[in-house]
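So the chains spell out like this:
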Amino acid sequence: MPQNNASSPATRKDVLERLYHTVMARKGASPSVSHSARLMARGRSKIAQKFGEEAVECVIEAIKGDRNGLISESADVLYHLIVMWVDAGIDPADVWEELARREGTSGIEEKASRPKPSF
Ligand SMILES: N=c1c2ncn([C@@H]3O[C@H](COP(=O)(O)OP(=O)(O)OP(=O)(O)O)[C@@H](O)[C@H]3O)c2ncn1[C@@H]1O[C@H](COP(=O)(O)O)[C@@H](O)[C@H]1O
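Labelled according to an unreviewed UniProt entry, the protein appears under the name Phosphoribosyl-ATP pyrophosphatase, originating from Bombella intestini. What the UniProt record of the protein gives under Subcellular location (unreviewed entry) is the line "Cytoplasm". UniProt, in the comment section headed Pathway (unreviewed entry), describes the protein in these words: "Amino-acid biosynthesis; L-histidine biosynthesis; L-histidine from 5-phospho-alpha-D-ribose 1-diphosphate: step 2/9."

This is the structure:
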């Protein structure tokens, strides 16, 4: 995506929330004027497929060590993740809550506490 919206740090802070509300507002809009509406009209599998493709492109940029490429692909991943949330009825607050719940628990500690497989 072209970077055409220079914004202050305060404005950037809420960019994911704003994007979520923009995509929510596109539900039911004409697929001829909104990419989000077009994607949602194509259904859940297509949305998930596009998210997966963008995630793979992100992985490729990470492995290449292309910082700008990784930033750009990360924005694509986040946009497609938000379309997937809107389609699934997930509010960003649900995800923030889950992240907050995990705060302070080391991933090593959490993994060690999982039940061991019995086989
Ligand atoms: N952040 C984004 C954003 N990132 C990527 N894209 C679009 O995602 C598309 C990805 O293109 P691809 O060719 O990979 O995918 P595709 O068109 O589904 O093609 P196929 O794979 O099906 O062939 C491009 O059209 C990009 O422009 C985005 N489209 C919209 N947004 C944001 O969403 C807002 C609402 O957009 P609309 O829903 O279009 O009004 C915009 O104001 C932006 O803030």
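(A) How the structure looks around the site of the ligand. Taken together, the neighbourhood of the ligand is formed by 15 residues, with Arg 26, Ser 34, His 35, Ser 36 and Lys 50 sitting nearest. One nitrogen or oxygen atom from the main chain of His 35 is found 2.7 Å from an oxygen atom belonging to the ligand. Mapped onto the shell around the ligand, the elements with two or more residues apiece are helix H2 (15–26), helix H3 (35–41), helix H4 (44–64) and helix H5 (67–88).

(B) Spatial organisation of the nonpolar core. Tyr 20, Val 23, Leu 39, Met 40, Ile 47, Tyr 79, Ile 82, Val 83, Trp 85 and Val 86 together form the largest nonpolar core, which totals 10 residues. Counting residues per element, the ones that place at least two in this core are H2, H3 and H5. With five residues, H5 is the single largest residue contributor to this core.

How each quantity is defined
- Going along each chain's sequence as written, the residues are numbered from 1 onward.
- Totals for whole chains, interfaces and linings use all residues, but because this is a predicted model, local features are given only for residues with pLDDT of at least 70 and pairs of side-chain atoms are given and counted only at 80 or more.
- Based on all heavy atoms of the structure, the side-chain values leave hydrogens and waters out of the count.
- UniProt positions are given in the numbering used here, feature names are shortened, and annotations may be inferred rather than shown by experiment.
- For each residue, the test is whether any non-hydrogen atom lies within 4 Å of the molecule or strand; if one does, the residue is near.
- Two N or O atoms form a polar contact when they lie within 3.5 Å of each other; inside protein one atom must be a possible hydrogen donor and the other a possible acceptor, and for residues adjacent in sequence the pair counts only when both atoms belong to side chains.
- Put simply, DSSP marks the helices as runs of H or I at least four residues long and the strands as runs of E at least two long, and each gets a number from the N terminus on.
- By nonpolar core is meant a set of buried Ala, Val, Leu, Ile, Met, Phe, Trp, Tyr and Cys residues that side-chain atoms within 4.5 Å join together.
- Summary of the burial criterion: residues with accessible area below 20% of their type's maximum are buried, those above 50% are exposed, and those between are partly exposed, where the area comes from a 1.4 Å probe applied to protein chains only.

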